[in-house]
Amino acid sequence: MSADDSGSIITLLQTRLHALNDLALTLKHVHWNVVGPHFIAVHEMIDPQVDQVRSMTDDLAERISTLGGEPHGTPGALVADRTWDDYSIGRAEAIEHLGALDLVYTGLIKGHRAAMQATETSDPVTQDMLIEQLRGLELFQWFVRAHLESSGGRLSTAHATTERAAAGQAADQARTQP
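Residues numbered from 1 in each chain as written. Predicted model: local features only at pLDDT ≥ 70, side-chain atom pairs only at ≥ 80, totals over all residues. Heavy atoms only, no water.

A. Representation of the overall build of the protein chain in the model. Scanning the protein chain for helices and strands turns up 6 helices and 2 strands. Ordered by position in the sequence, the α and β elements of the protein chain form the string α-β-α-α-β-α-α-α. Whereas a compact globule of 178 residues would reach a radius of gyration of roughly 16 Å, the protein chain reaches 17 Å, a difference of no more than 12%. The C-alpha extent of the protein chain, read off along each of the three principal axes, is 60 × 35 × 25 Å. For the protein chain, long-range pairs separated by at least 24 residues make up 76% of all intrachain contacts whose partners lie at least 6 apart in sequence. By element, 53% of the accessible surface of the protein chain is carried by carbon and sulfur atoms, the whole surface being about 9,300 Å². Computed over 13 positive and 24 negative side-chain charges, the separation of the two mean positions in the protein chain equals 7 Å. (Helix = DSSP H or I, 4+ residues; strand = E, 2+ residues; numbered from the N terminus. Rg over C-alpha atoms; globule rule 2.2 N^0.38 Å. Contact = heavy atoms within 4.5 Å. Areas by Shrake-Rupley, 256 points an atom, 1.4 Å probe, with all protein chains shown as cover. Lys, Arg positive; Asp, Glu negative; His and termini not counted. Charge placed at Lys NZ, Arg CZ, Asp CG, Glu CD.)

B. Just the packing of helix α4 (residues 94–118) against helix α6 (residues 163–176), in detail. Put simply, α4 and α6 touch, their axes get as near as 7 Å, and they point 135 degrees apart. Overall, the two elements α4 and α6 adopt an arrangement that is oblique. Considering only the axes of α4 and α6, their crossing is right-handed. Here Ile95, Glu96, Gly99, Ala100, Leu103 and Val104 of α4 lie close against α6, whose contacting residues are Glu163, Ala166, Ala167, Ala170, Ala171 and Ala174. Across the contact of α4 with α6, the residue classes tally to 9 nonpolar, 1 polar and 2 charged. (Axes fitted to C-alpha atoms, helices over the stretch in contact; angles between N-to-C directions. Parallel < 35°, antiparallel > 145°, perpendicular 65-115°, else oblique. Left-handed = near helix turned anticlockwise from the far one by under 90°. Nonpolar A, V, L, I, M, F, W, Y, C, P; charged D, E, K, R; others polar.)

C. Structural view of the pattern of salt bridges. Using the criterion set out here, one finds 8 salt bridges in the structure. With a closest N to O distance of 3.3 Å, Asp22 and Arg82 form a salt bridge. In this pair, Asp22 is assigned in helix α1 (residues 3–33) and Arg82 in the loop between α3 (75–81) and β2 (92–93), connecting sequence segments 60 residues apart. Look at Asp22 and you get buried, because its relative accessible area is 10%. Between Arg175 and Asp172 there is a salt bridge; the shortest N-O distance is 2.6 Å. One end of the pair is Arg175 and the other is Asp172, both in helix α6 and 3 residues apart, which spans about a single turn. Assessed through its relative accessible area of 43%, Asp172 is described here as partly exposed. Connected through shared salt-bridge partners, Asp22, Arg82 and Asp86 make up one network. (Salt bridge = Lys/Arg side-chain N within 4 Å of Asp/Glu carboxyl O. Buried < 20%, exposed > 50% of the residue type's maximum accessible area, 1.4 Å probe, protein only.)

D. Structural view of the side chain of Gln173. Within the element layout of this structure, Gln173 appears in helix α6. Assessed through its relative accessible area of 8%, Gln173 is described here as buried.

E. Here's a closer look at the packing of aromatic side chains. Taken as a whole, this structure holds 2 aromatic pairs when the rule is applied. Geometrically, the ring pair formed by Trp142 and Phe143 is tilted, given 5.7 Å between the ring centres and 40 degrees between the ring planes. (Phe/Tyr/Trp six-rings, centres within 6.5 Å; stacked < 30°, edge-to-face > 60°.)

F. Local environment of the nonpolar core. Counting residues in each nonpolar core, the largest one holds 46 residues, and the members touching the most others are Leu23 and Leu137. Elements that contribute at least two residues to this core include exactly α1, α2 (39–66), α4, α5 (124–145) and α6. Counting residues per element, this core draws most heavily on α4, which supplies 11 residues. Leu23 has contacts with Val53, Val104, Tyr105, Leu108 and Leu137, leaving out every residue within four places of it along the chain. (Core = buried A, V, L, I, M, F, W, Y, C linked by side-chain atoms within 4.5 Å.)

G. Region of interest: the side chain of Thr57. Here Thr57 shows up in helix α2. By relative accessible area, which is 10% here, Thr57 ends up buried. Within the local environment of Thr57, its side chain forms a polar contact with the backbone oxygen of Arg54, the two atoms lying 2.6 Å apart. Contacts of Thr57, omitting those with residues within four sequence positions, involve Leu17, Leu20 and Asn21. (Polar contact = N/O pair within 3.5 Å; in protein donor to acceptor, adjacent residues only side chain to side chain.)

The following block contains the structure:
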């Protein structure tokens, strides 16, 4: 692999590392702030996701090091480099957090897919790692969406563009369903 290719991949992986570190913190935030009748189901669903996401961050950091880079995992580096807003939902009903998390996962998966495609020819080893991580991230989103879909397949967060809107839409659908 050329030095240019490795430098580009390191930069790409650092962005993914920040995104997954942010996700792990966001998931713990949800775990601590979820309330309502579905509290225990969501509370217990989140911790295994946190553990697996933390494992993904370790894999990314080690790949960055393997390619000759220096992974940056400090909170300051994450905040300085991220291009997304902080998670916007505090203490809220389980369904509201799930609605917001659906959007979080959508953005994260989109970024991971772009990274996967960018490494297709230059670094199939990194691409393979990203594909495996996508498998897990998409599974987690499916777990979240199972709470947000109607029996007819309508997703309550459809067309939401902000976490607050997704949370509101999810809550609205939950109120109208038996």
